[in-house]
Amino acid sequence: MSCYPVYNNTPVAKQVDSIYENHLDQFLSEGEYKKFNLPNLYDLHRIDNSIKDVENDTAKGYVNLRVYPVPDLKRPNVHEIIGKVNFEQVAYKGDAFGPSWSTFWIQVEVRIPDSWSDYAEVIFDWDCGNEGLVYTEDCQPVQAFSGSERTEYILPKSWQTDHSIHIFYVEMACNGMFGCGGTDQIAPPDPNRHFVLKKADLLVPNLPARALRCDFMIIQQSAKEFPSRSWQKFRARQLCHEIMNAFHPEDPSTIEECRSLAKLYLGEHIDSEYVNETNPNQTKVYAVGHCHIDTAWLWPFAETRRKIVRSWATQLNLLDRYPEYRFVCSQAQQYEWLKQDHPRTYERLKKHVKSRQFLPVGGSWVEHDTNLPCGESLIRQFLFGQRFFQDEFDVRCDTFWLPDTFGYSSQIPQICRLAGMDRFLTQKLSWSNINSFPHSTFNWVALDGSQVLCHMPPADTYTADTNVTDIIHSVFQHKNLANDQAGLLVFGIGDGGGGPTPEMLEKLRRCKGVANTIGQLPEIKLGDSVDDFFDGVFKRTSNAATLPSWVGELYLEFHRGTYTTQSEIKSSMRKAEFSLHDLEYFATLAFVRIPGFKYPVREINELWKTTLLCQFHDVLPGSCIEMVYKDAIPMMHNVFRSSELLIKAILEQLGFRQITSHTTLPDYLLTTLPWNVGGVVDESANTTPLSFYESIDNPNILVRSENYVKHPARAYESNGCLVLRTDKFLVRISKSGLIMSIHDFYNDREVLDLKTGINKTGANQYVLLQDTPLSFPAWDTEIYSLDKYSILTDGKAQIYETGPTKASVLVETPISEKSSIKTVISISGFNNDDDASSIDFSCEVDWHEDYKFLKVEFPVDIHAEYVSYETQFGITHRPTHYNTSWDVAKFEVCHHKFADYSDYNYGVSILNDCKYGFSVHGNLMRLSLLRSPKQPDAHADMGKHYFRYAILPHKGGLSPQVVRAAYKFNSLFRFVNKNSIETSVEALDFVRVDGDENIIVSNVKKAEDEDAIILRLYESLGGRSRCRLTLKNCDIKSVTKCNILEEDIAQVNLQNDEEGCHIQIELKAFEIASFKMSL
Ligand SMILES: [Zn+2]
């Protein structure tokens, strides 16, 4: 007979799921019932006497604070503070520190009570709501504070027993992790924020209670997040209830009983790294710690330098405490700053790199934007990045790490491969607000067919919190589970720095414990690197053969305003990129031509580093606060100025005196473009008539023409219109400044279409759109802005220059009562029929708008399904229609020097000298000019702007003539005279390319480590092509094809003759090729 009692008098209610699940929240809550629950037991002892009331009670002086306020918002180095300044002012809890961006140094004097000597840990608990860093007396940074999420510094164990007073320092930065915005994080910073000191306590933690907190969190999350019919969900809920019922706040010994219950779910090994040692073959989630530090964003570069040491010094401690933990860290620039500012911490970091716990990743100088920098800039990001990691750590990065950048241009896989990387990680595409990107793990293919293995962490974040949901999402949101089931989990506080907390690592041990003990949760692994993760994917997918592919750009359907916002950083970047190109060209030429010439490698590298820094993914796109641009714009102007000064000095050594402003006419105009550029009009002269320069047989040196141009330009009035005319074009401009017609004489056709599309008013029509995006004003512009706009038709036009070299019309157009635009529309005379002829627009805008977007329109008589937009080293095609939601999403796209809209017979290109946003839909080409968002910079883009663009109608489709015209439009021509009659102009004849004109020489530089010239070429239009490259008057010993790190790939045949040396080159479509020519 079984023992089966009668329960009639002890009935049991069936649990009401929602009530029993919600009840669990009480156990860890700091709210009304705290005293009955676990938070009541977190501290064993707390001394809280740095308050004013006990000022005179010296016997109890366990914590004393003294302050040194740093004047003038400066950020001095620790060595200028400790032992150098007087800490005169006493401070207490409740004191307020400010204003925003100021720094205070706090001298903290502590004495640990004798009775605490046997405890495992004593903590200094600090919370001032801002960022802080503990320094030891010998100036070493040891632990960061960041407001409520990171408040504890574990004091050295010896201090518990030596009965002495000890001193350390806190460097307090009066900004939060996300700068000094108010409740709206991306609002412009409040210049007058103050931070109140809430905690400065000595504390003995109740370590078992804290461990139980993590136990309970993970079991409770399992009860909440596991599938509704899984037994593991209900088992978790029952255990949580048992723990809550076993717990007695007045009896700390019950904590052990509670923990024993927890281990029924979590397993036995959760208090150590050994929990990781079971079931390694079933791993689905690979967890790596990370700390995304925006190199500038809601704070300036100078604060980033401190965020780096705060974040990384703290992570180094965690790497010591948690042997299974791996921390991945990108951006060579940040390592270099640490090396400069904190050499001893840097040495400590190096040891952890050696033990493969602190893992450099990414291979680039900063986590840069990929839409806007030119091709050579992208290459230099990797050249500088990989060389830094190689030199400092003997590490070559295999993975390009770019979690947070606003879209990824189509040549990135090729450039990665040429930089020795075949893996790529991002997650930003999960932010697209129209279509969901279909892959998590896939082959990403570039324009030339190169591919990288790409993974987008399925948890859709690079700042995961190691909760049960993050682990679940790493598998359940994986979009290619049919191909591979592993997901990378990138955890740690980020954007403003920080990184993982100890609690995150404790939670991961418990998640692993759940997977081991109960199942349901995917198996997690710590201890692998990002490369290990990718190695595993390769292994499981037959070297990625079984993975799907995505060809071309990874277009982010978000943040399209970043092609236009903060136009001055963009225009100064374009000019600096062209100037640096020329600097390296002339320096290489001098290196070849002048015996003993010292190539200015140090100066050039410094200019490049500044340029690469300003390409960071918030700086160049325009999404930083005003303070950042007050640094970055002068930095970029300085790059240009310094580069030009170096060029001037080099030209001097080559025998030419550069003329920077002139009233008499210089003899020559220099160009670095290796093809005949046709005629160039001297626009800078204060002389009339304007002079005209043309190359005779050396493409690099244009000679002032003694005669007038053969085909002059004229301006006159006719039939109520202003007319600009050459033998190629007749341009009719209305009295209000709109172009009513462009007639192409050579092709006998009209270029414009004012009849069939939205725009029936004219070309060069300025439109002002209402630009109020759903979120992120500096970043976003939304498609509905295209529905609400005004057209600016009140311009006044007058003839400005009458020819024959150049003819022009000046148009003055009011934009509003506050803003206006002055445009010079011009056309130049020419000598050769083959010269590409454009109609040029030179604009000066006075811009003072709120949430308006200025664009300029060209309605053209072209019909085609797609447009060719120039991108780095190639062309990206995008649709002119809205067939699908993917087409709709591309209502505003990024381009570089030109956008070309061509049908089979004829086309129109719009060239620009510093603009990046564009769209073409139907017959309407629209170039984006200026925006006026008010967050996070309240004054973004206000004031004067100068820019140029041009319309280039042409016979046939997109051709090398367009590519070359866009280069010419951006090139920096330099006026020179010879220094003496002995100076030879032949010395300037350097690089020549004969053959297919779609092959472009993009850069010439000296090799990094050898006496050799690097020549970089690319195929610009998408077809296998050949050319013969000649270096004139050069003695080259050997040539190799090399990668962008300048490592040899293959030997190349070299021919030398009296002209110079030659190599034959064959490039596949959109290939980027580098050649090393050894002297
Ligand atoms: Zn970022």
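Here the structure is a predicted model, which means the values were calculated and not measured.

### Structural notes on the overall build of the protein chain
Working step 1: Counting its secondary structure elements, the protein chain contains 17 helices and 57 strands.
Working step 2: For the protein chain, whose C-alpha radius of gyration is 33 Å, the value lies close to the compact-globule estimate of 31 Å for 1079 residues.
Working step 3: Overall, the C-alpha framework of the protein chain stretches about 115 × 70 × 65 Å when taken along its three principal axes.
Working step 4: Expressed as a percentage of contacts within the protein chain between residues at least 6 apart in sequence, the contacts between residues at least 24 apart total 74%.

### Side note on the sheet that holds strand β50 (residues 999-1006)
Working step 1: Pairing is antiparallel across the open sheet formed by 5 strands, whose spatial order is β50-β51-β57-β53-β54. Strand pairing shows two members of the sheet lacking a second neighbour, β50 and β54 (1048-1052), which therefore form its edges. This sheet shows a mean twist of 25 degrees between the axes of neighbouring strands, independent of strand direction.
Working step 2: As paired strands, β50 and strand β51 (residues 1012-1019) are joined by 7 bridges and run antiparallel to one another. Residue Ile-1000 lies in a different strand from β51, and its bridge partner there is Tyr-1018.
Working step 3: The sheet contacts of helix α8 (residues 375-393) involve β50, β51 and β57 (1072-1078), and relative to β50 the element is tilted by about 40 degrees.

### A word on the coordination of the zinc ion
Working step 1: Coordination of the zinc ion by the protein comes from His-292 (NE2), Asp-294 (OD), Asp-404 (OD) and His-617 (NE2), over a distance range of 1.9 to 2.1 Å.
Working step 2: Coordination at the zinc ion is irregular, judged from the 4 donor atoms that bind it and the angles of 89 to 158 degrees they form at the metal.
Working step 3: Linear spacing of the donor residues for the zinc ion on their chain is H-x1-D-x109-D-x212-H. Pair noted here: Asp-294 is in the loop between β13 (285-290) and α5 (301-321) and His-617 is in the loop between α14 (601-613) and α15 (626-653), with a separation of 323 residues, a long-range link. Here Asp-294 matches His-617 in class, with each residue buried.

### Thoughts on the packing of α14 against α15
The geometry of a pair of packed helices is captured by two quantities: the angle between their axes and the separation between those axes.
Working step 1: Relative orientation of the contacting elements α14 and α15 amounts to 155 degrees, with a least axis distance of 10 Å. With respect to each other, α14 and α15 are oriented roughly antiparallel. Like other packed secondary-structure pairs, α14 and α15 cross with a definite hand, here left-handed. Residue-level inspection shows Glu-603, Leu-607, Thr-610, Thr-611 and Leu-613 of α14 in contact with α15, the latter providing Met-635, Met-636, Val-639, Ser-642, Ser-643 and Leu-646.
Working step 2: Along the lines of polarity and charge, the residues of the contact of α14 with α15 split into 6 nonpolar, 4 polar and 1 charged.

### Structural notes on the domain arrangement of the protein chain
Working step 1: Along its sequence, the protein chain is carved into domain 1 (17-26 + 211-266), domain 2 (37-205), domain 3 (284-548), domain 4 (561-658), domain 5 (691-974) and domain 6 (990-1078).
Working step 2: The centre of domain 3, based on its C-alpha atoms, is set 41 Å off from the matching centre of domain 5.
Working step 3: Across the contact, 24 residues belong to domain 3 and 16 residues belong to domain 5.
Working step 4: For the pair domain 3 and domain 5, the summed buried surface comes to about 1400 Å²; carbon and sulfur atoms form 65% of the total.

How each quantity is defined
- Residues numbered from 1 in each chain as written.
- Predicted model: local features only at pLDDT ≥ 70, side-chain atom pairs only at ≥ 80, totals over all residues.
- Heavy atoms only, no water.
- Helix = DSSP H or I, 4+ residues; strand = E, 2+ residues; numbered from the N terminus.
- Rg over C-alpha atoms; globule rule 2.2 N^0.38 Å.
- Contact = heavy atoms within 4.5 Å.
- Pairing = 2+ DSSP bridges.
- Axes fitted to C-alpha atoms, helices over the stretch in contact; angles between N-to-C directions.
- Donors = N, O, S within 2.8 Å, 3.2 Å for Na, K, Ca; no water.
- Tetrahedral: all angles 85-135°; square planar, octahedral: opposite > 155°, others 65-115°.
- Buried < 20%, exposed > 50% of the residue type's maximum accessible area, 1.4 Å probe, protein only.
- Parallel < 35°, antiparallel > 145°, perpendicular 65-115°, else oblique.
- Left-handed = near helix turned anticlockwise from the far one by under 90°.
- Nonpolar A, V, L, I, M, F, W, Y, C, P; charged D, E, K, R; others polar.
- Domains from an automatic or database assignment.
- Buried area = accessible area lost by both parts, 1.4 Å probe.

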